[in-house]
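Each chain, letter by letter, is given below.
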Amino acid sequence: GNIVSIHSQRSVRVILSEPRSYEETQEIADHLRSRRSVVVNLQRVRTEQAIRIVDFLSGTVYALGGGIAKVGQNIFLCTPDTVEIQGAISEMLDEQDDYTRSR
């Protein structure tokens, strides 16, 4: 009667999102509220919309105690409070850009 499964961890889901308009941002926020990490590719939206989307998602992850990190050009990783982001890929990309410009 006192048996407990040690394999009780459920699978983790990461959502890939490529919004084409600001209106799709709420769906991304809903995934975060459901404690799912989301990789957001903003390469298909205009710069003004991309800024609005990042602002909205920054507020969302702040309110949920999560995190947001740039992982590539116009690509962001948004995580709930159950996921910790370590490191910074964007710094390596900037160093690579500096390297290719100097050659």
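Bear in mind the structure is a predicted one, so any value in this text is a computation, not a measurement.

For the rest of this paragraph, the subject is the overall build of the protein. Counting its regular elements, the protein contains three helices and four strands. Taken from the N to the C terminus, the helices and strands of the protein come in the order β-α-β-α-β-β-α. Per-residue burial for the protein yields a buried fraction of 29% across its 103 residues. Expressed as a percentage of contacts within the protein between residues at least 6 apart in sequence, the contacts between residues at least 24 apart total 50%. When the accessible surface of the protein is summed, it comes to about 7800 Å², and 47% of that surface belongs to carbon and sulfur atoms.

Here arginine 35, not a glycine, exhibits a phi torsion of approximately 65°, which is positive. Topologically, arginine 35 is positioned in the loop between helix H1 (25-33) and strand E2 (37-41).

Counting across every chain of the model gives one aromatic pair. Here the aromatic rings of tyrosine 22 and phenylalanine 56 are separated by 6.2 Å at their centres, their planes lie at 85°, and the arrangement is edge-to-face. In this pair, tyrosine 22 sits in the loop between strand E1 (14-17) and H1 while phenylalanine 56 sits in helix H2 (residues 47-64), placing the two residues 34 residues apart along the sequence. Lying over the aromatic face of tyrosine 22, arginine 52 brings its terminal NZ or CZ to 3.8 Å of the ring centre.

The set of residues buried in H1 consists of Thr25, Ile28, Ala29, His31 and Leu32. On an axial view of H1, the arc spanned by its buried residues comes to 155°, and they lie on one face. Exposed and facing more than 90 degrees away from the buried side of H1 are Gln26, Glu27 and Arg33. Arginine 35 occupies a position one or two residues after H1 and carries a positive phi of about 65°.

A sheet is described by the order of its strands in space; here four strands give the open sequence E1-E2-E4-E3, paired in mixed fashion. Both edges of this open sheet fall to E1 and strand E3 (67-72), since each of them pairs with a single strand only. Within this sheet the neighbouring strands show an average axis-to-axis angle of 20°, counted without direction. Where E3 meets strand E4 (residues 75-79), five bridges bridge the pair, whose relative direction is antiparallel. Of the residues in E4, the one forming a bridge with glycine 67 is threonine 79. Where H1 meets the sheet, its contacts fall on E1, E2 and E4, and the angle it forms with E2 comes to roughly 155°.

Cut-offs used in this document
Residues numbered from 1 in each chain as written. Predicted model: local features only at pLDDT ≥ 70, side-chain atom pairs only at ≥ 80, totals over all residues. Heavy atoms only, no water. Helix = DSSP H or I, 4+ residues; strand = E, 2+ residues; numbered from the N terminus. Buried < 20%, exposed > 50% of the residue type's maximum accessible area, 1.4 Å probe, protein only. Contact = heavy atoms within 4.5 Å. Areas by Shrake-Rupley, 256 points an atom, 1.4 Å probe, with all protein chains shown as cover. Phe/Tyr/Trp six-rings, centres within 6.5 Å; stacked < 30°, edge-to-face > 60°. Lys NZ or Arg CZ within 6 Å of the ring centre and 35° of its normal. Arc of directions from axis to C-beta. Pairing = 2+ DSSP bridges. Axes fitted to C-alpha atoms, helices over the stretch in contact; angles between N-to-C directions.

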